[in-house]
Amino acid sequence: MDNQNETITEEPAAKKAKLQEKASSSGLENLLKTGFQQVVKAVKLSNGIPSEEERSYYSTYKSFNDNVSAQSDMVLNLMSHILKYESVGLSLQKRTDDEKFDLLQQCNDAALERVNSNLDIYAGAVQKDIHPIIIESEVKKIDITTKNAGSWNLKQAKETTDKETIAARLITAKNIARPQIKFNIPIDNSNNTPFIPKLTYKPNSLKPLAILPEYDEAGDVVSYLHPYEFELEKFEMPEEELQQKSPVKPAKVDVVELMHVDTVELLNKALEELRQHKMIAVDVEHHAYRSFLGFTCLVQMSTKDKDYIFDALKLRDDMHILNEVLTNPKIVKIFHGADLDIIWLQRDLSLYVVNMFDTHHAAKLLNFSRLSLAYLLKHYCDIEVDKTFQLADWRIRPLPDMLINYARQDTHYLIYVYESICNDLLDKSNQHGNLLRNVYQTSNELCKRRYCKPLFNNDSHLEFYRKSKHIFDNRQMSALSEIFAWRDAIARKEDESYNYVLPNHMLLRISETLPREAQGILACCNPIPPLVRQNLYVLHDIILKARAKPLIKPTLVGDAFSRVATKGSKDYDNILYCPHDLTVVEDFRDDLPTMLKIDKNNVDVNEIDEIAEKITYLQLPTVDVFEKMNAIYDDPLKKAIKEGCNKSKFKTPYERYLAILPQIEKEKLEEAERIAHENRSRQLCPSAPKVVVKEEINTENDDTLNVSIKEYLKRKRVESDGPSTSSKVAKMQSTSTLDQKDKPSSSKASLKKKNSTSHKTDKPPIISKDESRLNESIVTIEDESDTDVIVSTDVDTNKSNTNDNKNNFSSKVKNKFNNFKKKFKNKRKNKAQKSGQSSNVPVQNNFDYNNVDFKKFQGGSQRANGIQMKQTIHGKSNSNKAKNKKFNKLFTFSNVKSKK
Ligand code: AMP
Ligand code: MN
Ligand code: ZN
């Protein structure tokens, strides 16, 4: 232990002694005085400890060494205690000097931070006039006209971009005191208690106030009922709403009176005024970055002749008196996009709304191209509002004028918008005013929503992981889950948002890279979040523990792959949402055959694949509306494709169904024939060898696409469970069962039973899902030379059947597959060589068959397998995309197993 460290270690030790003394010392001054003396003494003494050459000399004496190490142990122990107190929580003992130094710094930072915030509180309580220093930064819009937009509206775009270069204005301020610390009712971020409505008085009630708990099965309270649930149930749209309105455009913001409500007196005055009105526009501004749950900062209201801005931070405990107007069913409250506003109002201000009209939903019903308030203001009032302040830090007090003006805009014109939009809705409604009723109903449902605290459990990270679209191995998963839990705990404790503690993308980056060094964690973050810096070693410990775990095969099962798109998570408002983008749908697979005809006489399958590969790399559109036809025919490839397009006609699903009918009929007939044939031969000669049902692969039409079509059809038919198909199924099973020896006797018996009934009765035998899975096998190719990948039939017990089927495949398909396998293997070998040295780096970028537990590709879940393969292969390397696609197309995997 070197001298420098000794010096530092003495300091907190003295502090501790000082703290203990606190009880006896008379006041703060005394404490400081004695404390300071102690510190000076400690520093002096530690400077007295021999250093450098002198130290080397001293250290030749055993007694000196013993003494120093005993002292140093004691000091480190003491410091570890202090660290624990400062919630760093890690022991100092087994660290390198650098790490010790960092931990100390972390501890000091935390202490100083506390001092700082305590001083803030102190200053806030005593000194009123500390003005926050406003910081304004603008996020410029990217000028799309400088890019190669190539669009017909280029000119128009150029004209508008001059005005609209600012996408967002980030207004924040230095030294904003945390408003939370002044809340009378402390914030409850705990994970185990539900949100409790704090309403104590219920105006406009039809039922007396009752905050009724709801219990779970274990008898614990999970939530509380909505205090105005009954009133909302009873609410109906006032019939006078069905009359056309005569909207009067409001005067400009600067000529209308504004009441800035920040005292209880003003609040009462405002309430008296608001009572007189039949329509009130309402909006809420919220802050969520430096708070775990978030809090309401501002409430804006407008009547026809006045604007109100309520300081919701200051009047947090008094605002509830506005329930008088907000829950009055005779006064319509107009919101734009009220979902969150309703929640925020009830959570922070105990405000509830009865009789609400949401202009956002109204705009939806009118099929407006855009649903934002800015658009409605432009549409109805021809006003261009500046929405760039939306993300301002609404905690700033006193509120700057520009923020006040912005906030007013949100409600100032809203009554006019409401009246105009009501008229439009009535115009488009039936005689019952269906559209208008719809808006009221939907808005009423919104008002019934209850606030629920975000709860954390050990699986919380899985939802996040699913949405992230990353694929993690067990080490990365473990780190993700631990860091996620750490972030949640810190965020609740420090009352900060997840985003402030550790933004999602950084969390993912850290869990993905699993940096060996603590500095690596910082390298994953830019800018480095303060709480990450402070807790660096806690995070590092988590990562080291995750790294120490044995690497298991990548998490390929279930959850990871059903997460492509979870039902109900569709964000229809997202501009990126496209109902035709099937790749995000769980059922999607791109390896199924299509009904597009391929002229087999002219084009070889290989050729098609080659063309497909070329198409992927085309830089320009092949078929261009504006391109001259001559130009198309200049290029032989384009010509071929163009001709192909002309040949293949679009078929509707019904037409496709019709087209496939003859094929199905044909197969039915063949099937019936075969059964009849077998029956006949049985009758003639009972001891004759059994007829083996062969896979119906027509050697003439033997191309891979047909293999898949057959498989597809077969599977479809097994699923649909029709009489003819099920008899075929039973038939197939009967043959395979008779050859089997190691099949469990119970299922054998049941299959035999079916076998006997299937010929005699018309009733189709009932086939359980598992049994029908037996028949999902198609491609059976075994290659003794390849010990790694075997595409085999679905069921282990199907071996003899497998051998029979095996012979039915033409060598063409087989060769093709082998070629692919070879290519695949070589590629994999190269990859393995490349990644071989760095065993620390978790395998995830490239699909490595060595690491895949093929048992996890459970038979039957074909669909899932398709997605698994697709995801994993398509994963990161785009260059492989075309080849992999081809590979997928060739083989519909029934089951892929590693041979052991
Ligand atoms: P508004 O209804 O537009 O006034 O927005 C109300 C509150 O929603 C704002 O004070 C913000 O806290 C929050 N908010 C609105 N838009 C966004 C956004 N794009 N991102 C994050 N928060 C937003
Ligand atoms: Mn709003
Ligand atoms: Zn707003």
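Residues numbered from 1 in each chain as written. Chains lettered and ligands numbered in written order. Predicted model: local features only at pLDDT ≥ 70, side-chain atom pairs only at ≥ 80, totals over all residues. Heavy atoms only, no water.

A.B. asks: Let's hear about the overall build of the protein chain: which residues, and what values?
C.D. replies: When its secondary structure is counted, the protein chain shows 35 helices and 12 strands. A burial count over the protein chain gives 43% of its 900 residues as buried. For the protein chain, the share of sequence-separated contacts (at least 6 apart) that also reach a separation of at least 24 residues comes to 72%. Only carbon and sulfur atoms are counted for the fraction: they give 54% of the accessible area of the protein chain, which is about 50800 Å². (Helix = DSSP H or I, 4+ residues; strand = E, 2+ residues; numbered from the N terminus. Buried < 20%, exposed > 50% of the residue type's maximum accessible area, 1.4 Å probe, protein only. Contact = heavy atoms within 4.5 Å. Areas by Shrake-Rupley, 256 points an atom, 1.4 Å probe, with all protein chains shown as cover.)

A.B. asks: Could you give an account of the coordination of the zinc ion (ligand 3), with specific residues and numbers?
C.D. replies: Geometry sets the ideal angles at a metal, namely 109.5 degrees for four tetrahedral donors and 90 or 180 degrees for six octahedral donors. Taken together, Asp 283 (OD), Glu 285 (OE) and Asp 410 (OD) make up the protein donors of the zinc ion (ligand 3), found 1.8 to 2.0 Å from the metal. What the 4 donor atoms of the zinc ion (ligand 3) show is an angle range of 95 to 133° at the metal, which sorts the shape as tetrahedral. Between the two metals, the zinc ion (ligand 3) and the manganese ion (ligand 2), the spacing is 4.0 Å, and Asp 283 donates to both. Separated by 127 residues along the polypeptide, Asp 283 in strand S6 (residues 279–287) and Asp 410 in helix H13 (residues 401–412) bring together distant segments of the chain. (Donors = N, O, S within 2.8 Å, 3.2 Å for Na, K, Ca; no water. Tetrahedral: all angles 85-135°; square planar, octahedral: opposite > 155°, others 65-115°.)

A.B. asks: Residues and numbers for the nonpolar core, please.
C.D. replies: Met 301, Phe 310, Phe 357, Ile 421, Trp 486 and Leu 502 are the most contacted members of the largest nonpolar core, which totals 119 residues. One finds Phe 183, Cys 297, Ile 404 and Tyr 406 within the second-largest nonpolar core, a separate group that totals 18 residues. (Core = buried A, V, L, I, M, F, W, Y, C linked by side-chain atoms within 4.5 Å.)

A.B. asks: Please set out the pairing of strand S4 (residues 221–224) residue by residue, giving values where relevant.
C.D. replies: Bridge analysis of strand S3 (residues 213–215) against S4 gives 3 bridges, and the strand direction is antiparallel. When the sheet's bridge partners are listed, Pro 213 is paired in S4 with Tyr 224. Count of turn residues in the S3/S4 antiparallel hairpin: 5 residues, of which Gly 219 carries a positive phi of about 90°. (Pairing = 2+ DSSP bridges.)

A.B. asks: Let's hear about the site of ligand 1: which residues, and what values?
C.D. replies: In the neighbourhood of ligand 1, the contacting residues comprise Asp 283, Val 284, Glu 285, His 286, Trp 344, Lys 387, Gln 390, Leu 391, Trp 394 and Asp 410. With respect to ligand 1, the backbone of His 286 contributes an N or O atom lying 2.8 Å from an oxygen atom. A distance of 3.5 Å is found between an oxygen atom of ligand 1 and a side-chain nitrogen or oxygen belonging to Trp 394. With 4 residues, S6 is the single largest residue contributor to the shell around ligand 1. Of the residues that constitute the shell around ligand 1, the class distribution is 4 nonpolar, 2 polar and 4 charged. (Near = heavy atom within 4 Å. Polar contact = N/O pair within 3.5 Å; in protein donor to acceptor, adjacent residues only side chain to side chain. Nonpolar A, V, L, I, M, F, W, Y, C, P; charged D, E, K, R; others polar.)

A.B. asks: Before we move on, can you summarise a nonpolar patch on the surface with the specific residues and values?
C.D. replies: A cluster of nonpolar side chains, Tyr 57, Tyr 58 and Tyr 61, forms an exposed patch at the surface whose accessible area comes to about 340 Å². Tracing the sequence through the fold places Tyr 58 in helix H3 (residues 52–58). (Patch = residues over 30% accessible without salt bridge, like charges linked within 9 Å, V, L, I, M, F, W, Y side chains within 5 Å. Salt bridge = Lys/Arg side-chain N within 4 Å of Asp/Glu carboxyl O.)

A.B. asks: Go over the pattern of salt bridges, please, and point to the residues and values.
C.D. replies: Side-chain pairs of opposite charge can arise whenever the charged atoms involved come near each other. In this structure the tally under the stated criterion is 30 salt bridges. With a shortest N-O distance of 3.6 Å, Asp 348 and Arg 316 are connected by a salt bridge. Of this pair, Asp 348 sits in helix H10 (residues 339–349) while Arg 316 sits in the loop between strand S8 (306–311) and helix H9 (323–326), and the two are 32 residues apart along the sequence. Residue Arg 316 is classed as buried on the basis of its relative accessible area of 13%.

A.B. asks: How would you explain the packing of helix H14 (residues 414–428) against helix H15 (residues 434–447) if you had to name every residue and give the values?
C.D. replies: The angle between the axes and the distance between the axes are what describe a pair of packed helices. Between H14 and H15, whose axes approach to 7 Å, the crossing angle comes to 130°. One element, H14, and the other, H15, form an angle in the oblique class. When H14 is examined against H15, the residues Tyr 418, Cys 422, Leu 425, Leu 426 and Lys 428 are found in contact with a partner set consisting of Leu 435, Leu 436, Val 439 and Tyr 440. (Axes fitted to C-alpha atoms, helices over the stretch in contact; angles between N-to-C directions. Parallel < 35°, antiparallel > 145°, perpendicular 65-115°, else oblique.)

A.B. asks: Which residues make up the environment of Val 385, and what are the values?
C.D. replies: Within the secondary structure, Val 385 is located in the loop between helix H12 (373–381) and H13. Judged by relative accessible area, Val 385 falls into the buried class, the value being 16%. In this structure, the C-alpha to C-alpha distance between Val 385 and Leu 373, residues 12 residues apart in sequence, is 9.1 Å. In contact with Val 385, not counting residues within four places along its chain, are Ala 374, Leu 377 and Gln 409.

A.B. asks: Outline the sheet that holds strand S9 (residues 332–335), listing residues and values.
C.D. replies: As summarised here, the arrangement of the 6 strands in space is S5-S8-S7-S6-S9-S10, forming an open sheet in which the pairing is mixed. Each end of this open sheet is capped by a strand with a single partner; those strands are strand S5 (257–261) and strand S10 (356–358). Within this sheet the neighbouring strands show an average axis-to-axis angle of 25°, counted without direction. Bridge count for S6 against S9 is 3 bridges, and the pairing is parallel. Across the sheet, residue Ile 280 finds its bridge partner in S9, namely Lys 333. Along the sheet, H10 contacts S6, strand S7 (295–302), S9 and S10; its crossing angle with S7, the most-contacted strand, is approximately 115°. The strands touched by H15 within the sheet are S9 and S10, with S10 carrying the most contacts at an inclination of about 110°.

A.B. asks: Quick one: what's the story with the packing of helix H17 (residues 474–494) against helix H19 (residues 504–513), residue by residue and with numbers?
C.D. replies: Where H17 contacts H19, the axes come no closer than 8 Å and their chain directions differ by 140°. Of the two elements, H17 crosses H19, and the hand of that crossing is right-handed. Across the interface between the two elements, Gln 476, Ala 479, Leu 480, Ile 483, Phe 484 and Arg 487 of H17 pack against Asn 504, Leu 507, Leu 508, Ile 510, Ser 511 and Glu 512 of H19. Class assignment of the residues belonging to the contact of H17 with H19 gives a composition of 7 nonpolar, 3 polar and 2 charged. (Left-handed = near helix turned anticlockwise from the far one by under 90°.)

A.B. asks: So, the packing of aromatic side chains: which residues are in play, and what are the values?
C.D. replies: Evaluated as defined, the whole model comprises 20 aromatic pairs. Between Phe 357 and Tyr 418, the aromatic rings sit 4.9 Å apart at their centres with planes inclined by 75°, giving edge-to-face as the arrangement. Of this pair, Phe 357 sits in strand S10 while Tyr 418 is found in helix H14, placing the two residues 61 residues apart along the sequence. Put simply, the rings of Phe 292, Phe 456, Phe 464, Phe 484 and Tyr 498 pair up and form one aromatic cluster. One cation-aromatic arrangement involves Arg 316 over Phe 183; the distance from NZ or CZ to the ring centre is 3.8 Å. Over the face of the ring belonging to Tyr 451 we find Arg 347, whose NZ or CZ atom lies 5.3 Å from the ring centre. (Phe/Tyr/Trp six-rings, centres within 6.5 Å; stacked < 30°, edge-to-face > 60°. Lys NZ or Arg CZ within 6 Å of the ring centre and 35° of its normal.)

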